[in-house]
Amino acid sequence: IASVGFPSSYGIEGCQSYDAGLAMSGCEAGSEEAHCKNQWCYVDTELCPYDETKCKEAGGDEGSTVSPFCRTRSSSPTAVI
């Protein structure tokens, strides 16, 4: 990612608004575009799979954002990381 101009920490330091203030994402400083404020992160589904027990322990339900163990979103493999 860094080789094409993104910060080396892009998407890998927990869920944050990585695009805020990043011109490459169309999010120049002060931009009000909704996607610029979205918090996200890369998730290794091998290390952090859906786990109903851990999800419930965190107070969540399947598909909720309470815990990464609750996520049921589809994932796309990437060769970037």
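Look up a bit, the structure's there.
Residues take numbers from 1 onward in each chain, read along the sequence in its written order. Restriction of local features to residues with pLDDT of at least 70 applies here, the model being predicted, together with a cutoff of 80 or more for giving and counting side-chain atom pairs; totals for whole chains, interfaces and linings are based on all residues. The basis for every side-chain value is the complete set of heavy atoms in the structure, and neither hydrogens nor water enter the calculation.

**So, the overall build of the protein chain**
Put simply, DSSP H or I for four residues or longer makes a helix, DSSP E for two residues or longer makes a strand, and each gets a number counted from the N terminus. Helix and strand counts for the protein chain stand at 2 helices and 0 strands. Think of it in three bands: with a 1.4 Å probe and only protein chains considered, a residue is buried below 20% of the maximum accessible area for its type, exposed above 50%, and partly exposed in between. In the protein chain, which comprises 81 residues, the proportion classed as buried is 17%. In what follows, residue pairs with any heavy atoms lying within 4.5 Å of each other are defined as contacts. Restricting to contacts in the protein chain with at least 6 residues of sequence separation, those with at least 24 account for 21%. Of the accessible surface of the protein chain, which amounts to about 5700 Å², a share of 51% is contributed by carbon and sulfur atoms. For the accessible areas, the method is Shrake-Rupley and the probe is 1.4 Å, while residue cover comes only from the protein chains on display.

**Here's the deal with the pattern of salt bridges**
One speaks of a salt bridge when a side-chain nitrogen belonging to Lys or Arg is within 4 Å of a carboxyl oxygen belonging to Asp or Glu. Evaluated as defined, the whole model comprises 1 salt bridge. The residue Asp61 makes a salt bridge to Lys56 at a minimum N-O spacing of 3.1 Å.

**Structural notes on the packing of aromatic side chains**
Aromatic contacts are taken between Phe, Tyr and Trp rings whose centres are within 6.5 Å, Trp giving its six-membered ring; a plane angle under 30 degrees counts as stacked, one over 60 as edge-to-face, and the others as tilted. Following the criterion strictly, the structure yields 5 aromatic pairs and no others. Between the aromatic rings of Trp40 and Tyr42, the centroid separation amounts to 5.1 Å while the plane-to-plane angle is 90°, which identifies the pairing as edge-to-face. For Trp40, a relative accessible area of 21% puts it in the partly exposed group. By way of ring pairs, the aromatic residues Phe6, Tyr10, Tyr18, Trp40 and Tyr42 are connected into one cluster.

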